[in-house]
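# Examination of the molecular architecture
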Amino acid sequence: MALAPLRKCSEPTCRKLVRTARCEKHTKERAKHSSKNRPGDPFYSSKRWRETRAAKLREDPLCEKCRPRVVAASVVDHILDRCDRPDLAYDMHNLMSLCVSCHNRKTAKTMAKRRRDRGG
């Protein structure tokens, strides 16, 4: 079977020649941030996370970003990303209670920053 032709890595600022879509470095970076933090991720269905999440919502039932307005929280978010700091995944000081709107806004900002940092 013939080898695929060489082409530039698909990350905008990378100049490495590869036979696949991305160089090894960018493939690993993509995997790091795409394999976690998904609804199907087993982390979110684990008993330990469900108990931690419930405890956080009991401790802080209102959205921590909307204060002083009174808005019920329904999402528990990691302050320092779980991908970057897995050791803090269950640390109550690294969690914040948010409403869906604030969580979506925070996630959009995080994703935009990642895209900028990657150069695309």
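Look a little higher up for the structure.
Residues numbered from 1 in each chain as written. Predicted model: local features only at pLDDT ≥ 70, side-chain atom pairs only at ≥ 80, totals over all residues. Heavy atoms only, no water.

### With respect to the pairing of strand 4 (residues 95–98)
How we decide: Each residue gets one of three labels from its accessible area relative to the maximum for its type: buried under 20%, exposed over 50%, partly exposed in between, using a 1.4 Å probe on protein chains only. Only DSSP runs of H or I covering at least 4 residues are called helices, and only runs of E covering at least 2 are called strands; the numbering of each starts at the N terminus. In short, DSSP must find at least two bridges between two strands for them to pair.
Residues Leu 95 and Ser 97 of strand 4 are buried on one face, and the alternating residues Met 96 and Leu 98, pointing to the opposite face, are buried as well. In the sheet, strand 3 (residues 75–78) pairs with strand 4 via 4 bridges, with the strands oriented antiparallel. Opposite Val 76, over in strand 4, you have Ser 97 as the bridge partner.

### Observations concerning the nonpolar core
Basically, it comes down to this: Residues belong to a common nonpolar core when they are buried Ala, Val, Leu, Ile, Met, Phe, Trp, Tyr or Cys residues joined through side-chain atoms within 4.5 Å. Here a residue-residue contact requires only that any non-hydrogen atoms of the pair lie within 4.5 Å.
Of all hydrophobic cores here, the largest spans 7 residues; its members are Phe 43, Trp 49, Leu 57, Ala 73, Val 76, Ala 89 and Leu 95. Apart from residues lying up to four places away in sequence, Val 76 is in contact with Trp 49, Arg 53, Lys 56, Leu 57, Leu 95 and Met 96. Residues Cys 63, Cys 66, Met 96 and Cys 99 belong to the second largest nonpolar core, which totals 6 residues.

### Considerations on the side chain of Asp 41
To keep things clear, this is the line we draw: N or O atoms within 3.5 Å of each other form a polar contact, as long as, within protein, one can give a hydrogen and the other can take it, and as long as residues adjacent in sequence are counted only when both atoms are side-chain atoms.
Structurally, the position occupied by Asp 41 is in the loop between helix 1 (24–34) and helix 2 (42–45). Here Arg 82 takes part through its side chain, which lies 2.4 Å from a polar atom of the side chain of Asp 41.

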